[in-house]
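A look at the structure
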Amino acid sequence: VRLKLILRTVAVSESFAQSGFTMLTMRQLSKLVRETGPVFRFGSKGKWGMGVAGASRMSITTDVQALESPPSFPPIFQTVAKMPKTAVLSDTSSTPETVGKDGAKTARYVMEPPAFPRTMPYGYGVSRHHISPMELDVTFDPAVHLQIEAPDGVVSDDFVDVPFPMPEGVKDGFNLAFSKPFRLLSDEGVRALQSVIDANKQFAKSSERIPRCLRGLGYRSKFVRDLNFDPQTIDLLSAMAGKPVAPHGMHMNMSHTNLGRPVKKGEPPAIVDQWHVDSVDYVCVIIMSDLSQSVGGDLQVLCKKDVRDNLDFLSKGVTPDLEHLVRTIQYPGKGHAIFIRGSHVLHRITPVLEALEPRVSVVNSYMSRNVFDADSTRYRTFVEQDPEHVSKVEFSRHTAWRVQGMMQYITQEVEWGTPKEELASLMRKAAADLEKAAALVNQE
């Protein structure tokens, strides 16, 4: 009965994420998960609904506007991977390890990606004032705006060059560091996306790390949403990552745009982005400028593992003794992209010393669809740069989507006779994620 309540509540994550009872609901879920035993009974007819008494509907949106239907994703992987009695997890799984007799870790569950919100947040994520959607938005047409030319190679997380498409023997257990440059947008696609950027430049702002950037384009432009959800692009990125990926559930990240400036010879250099790791799992960085006459503005990566939580790297960058591990990657031209697991690879853009035109790059964020993979989302990053009324709801929905998948794994994939320790481990993982999210959103 308790699990029935949990599942009903999690399945309507958008309802409780928009409710004024977000913190209460997540804590109730966590408490119920901890108290639930290994024997469950399910409701009839598969009906789902809001299961928390007294949770009234209190929308934070002022412009209630129905959006287009969520896109369907190509069946590059089975939506639900059917698994043997002891299922296999990626090595990056955050699930507490429960090892079977054959030494394999348990639980792998690939979820359908979260749908784009049905309503827009007040101010569309960048202002306290109401801002209408773009009136002259471009209609995305993959046949016109895409020019997908796959890279001839990718680099593993051991920083070994691997040909792409990957040979069969390499795919198993592969984890991406970054790809080689590849063409993504056609010339017309570059012009169309640039028109969206130009129409929204007045909303650009600066941060401690980035001099000028534009966020929230996914809430303003259907072109941007369709580009981020494009099935062909996601198919390619999933193949490079070695796992199914989807646009990140915090949609303010859609087509985050870094805006540079022209630099004449002898002028102070333009700082683009300093050494850092990303606050989402993967990013696809598209260059929008002609860099052929520029000096600087190149992507540099540090080919060294285990840097994500190393404060020395994050505060000091790359010291001279590690410069031999730095790899410089140049974009061949406009519309080219690089796909990088930026949450685990230290990287930066070199200062622009000379440039005839501003260096503009568009960053699309992605995440693994396996809900048991480690979640690299850093909530505090988005609290600092996005409006609180948007970031806290986006993060709550993102967490709810992952926990929903964990609960579905229990109801649909767990085998009869699964040891009680494994069941407890799965439920405690979900409870821990809810507790952590509740504490972060409530600023505890």
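None of the values given here were measured: they were computed from a predicted structure. (Residues numbered from 1 in each chain as written. Predicted model: local features only at pLDDT ≥ 70, side-chain atom pairs only at ≥ 80, totals over all residues. Heavy atoms only, no water.)

**Re the overall build of the protein**
Across its full length, the protein carries 12 helices and 15 strands. Taken across its 444 residues, the protein has 54% of its residues classed as buried. Accessible surface computed for the protein: about 20,300 Å², of which carbon and sulfur atoms make up 52%. (Helix = DSSP H or I, 4+ residues; strand = E, 2+ residues; numbered from the N terminus. Buried < 20%, exposed > 50% of the residue type's maximum accessible area, 1.4 Å probe, protein only. Areas by Shrake-Rupley, 256 points an atom, 1.4 Å probe, with all protein chains shown as cover.)

**Here we look at the layout of surface pockets**
Taken as a whole, the largest pocket holds about 1,100 Å³ of empty space. Taken together, 41 residues form the lining of the largest pocket, with R209, H276, V277, S279 and T381 sitting closest to its centre. Looking at the lining of the largest pocket, the elements with two or more residues in it are β8 (256–259), β9 (273–276), β10 (282–287), α9 (311–316), β14 (347–349), β15 (360–368) and α10 (379–385). If you tally residues by element for the lining of the largest pocket, the top one is α10, at five residues. (1 Å grid on protein atoms, 1.4 Å probe; cavity = no way out; pocket = protein on both sides within 12 Å on 5 of 7 lines; lining within 4 Å. Points joined across faces, edges and corners; volume = space filled by probe spheres on them.)

**Quick look at the side chain of T233**
By secondary structure assignment, the location of T233 is in helix α8 (residues 231–241). What T233 contacts, discounting residues up to four positions off in sequence, is L146, I148, L184 and Y366. (Contact = heavy atoms within 4.5 Å.)

**Some words on the sheet that holds β14**
Through backbone hydrogen bonds, the strands of a sheet pair up, either in parallel or in antiparallel fashion. Across the sheet, which stays open at both edges, the four strands sit in the order β9-β14-β11-β12 with antiparallel pairing between neighbours. In this open sheet, the two strands that pair with only one neighbour each are β9 and β12 (326–329). Going from strand to strand, the sheet's axes swing by 20° on average, the running direction of each strand aside. By the bridge criterion, four bridges tie strand β11 (residues 299–302) to β12 in an arrangement that is antiparallel. By the bridge assignment, Q300 is partnered in β12 with T328. (Pairing = 2+ DSSP bridges. Axes fitted to C-alpha atoms, helices over the stretch in contact; angles between N-to-C directions.)

**A look at the pattern of salt bridges**
In the structure shown here, the tally under the stated rule is 12 salt bridges. A salt bridge links K180 to D152; the shortest N-O distance between them is 4.0 Å. Placement of the pair is K180 in the loop between β4 (176–179) and β5 (182–185) and D152 in the loop between β1 (146–149) and β2 (153–156), with a sequence separation of 28 residues. Its relative accessible area of 28% is what places K180 among the partly exposed residues. (Salt bridge = Lys/Arg side-chain N within 4 Å of Asp/Glu carboxyl O.)

**A few points about the environment of I148**
Tracing the sequence through the fold places I148 in strand β1. Expressed as a C-alpha distance, the spacing of I148 and S186, which sit 38 residues apart in the sequence, is 8.1 Å. The residues touching I148, leaving out its near neighbours within four places in the chain, are R183, L184, Q232, T233 and L236.

**Observations concerning the environment of A177**
Tracing the sequence through the fold places A177 in strand β4. A177 gets classed as buried once you look at its relative accessible area, which sits at 1%. Sequence separation between A177 and R341 is 164 residues, and the spatial gap between their C-alpha atoms is 5.3 Å. Residue contacts for A177: discarding those within four places in its chain leaves V155, S156, D157, F159, I340, R341 and V345.

**A few points about the pairing of β5**
The pairing of β1 with β5 spans two bridges and is antiparallel. Across the sheet, residue L146 finds its bridge partner in β5, namely L185.

**Quick word on the packing of aromatic side chains**
With the rule as written, the count across this model stands at seven aromatic pairs. Between Y109 and Y409 the ring centres are 6.1 Å apart and the planes differ by 75°, which places this aromatic pair in the edge-to-face class. Here Y109 is found in the loop between α3 (22–35) and α4 (142–145), whereas its partner Y409 is found in helix α11 (residues 388–412), with 300 residues between them in sequence. Across the pair, Y409 and Y109 agree in class, each one buried. (Phe/Tyr/Trp six-rings, centres within 6.5 Å; stacked < 30°, edge-to-face > 60°.)

**So, helix α6 (residues 187–199)**
The first and last C-alpha atoms of α6 sit 19 Å apart over 13 residues, in line with the 18 Å expected at 1.5 Å per residue. Within α6, the full set of buried residues consists of G189, V190, A192, L193, Q194, V196 and I197. (Expected span 1.5 Å × (residues − 1).)

**Describing the pairing of β11**
Because side chains alternate across β11, one face comprises the buried residues L299 and V301, and the other comprises Q300 and L302, equally buried. In this sheet, β14 lies alongside β11 in antiparallel orientation, the contact comprising three bridges. Counted as the bridge partner of Q300 is R348 from β14.

**Some words on unusual backbone geometry**
Glycine aside, the phi torsion of most residues is negative, and most peptide linkages are trans. The step from F164 to P165 runs through a cis peptide bond, and the omega angle for that step is 0°. By the secondary structure assignment, P165 is in the loop between β3 (161–163) and α5 (168–171). Residues other than glycine seldom take positive phi values, yet F159 does so here, at roughly 60°. Structurally, F159 is set in the loop between β2 and β3. At D306, a position not held by glycine, the phi torsion is positive, near 60°. Structurally, D306 is set in the loop between β11 and α9. According to the relative accessible area criterion, D306 is exposed, its value standing at 71%.

**Section: the nonpolar core**
In this structure, F182, L193, I197, C284, M288 and F339 are the most contacted members of the largest nonpolar core, which totals 44 residues. Core analysis: the next-biggest nonpolar cluster, separate from the first, contains 31 residues, F159, I338, V363 and V441 among them. (Core = buried A, V, L, I, M, F, W, Y, C linked by side-chain atoms within 4.5 Å.)

**Describing the confidence of the model for the protein**
Of all residues in the protein, 73% have pLDDT values of 70 or greater, and the mean over the chain is 78. Segment residues 9–23: pLDDT under 50, and 50 contacts once partners within four positions in sequence are set aside and those in other chains are kept. (pLDDT = per-residue confidence, 0-100.)

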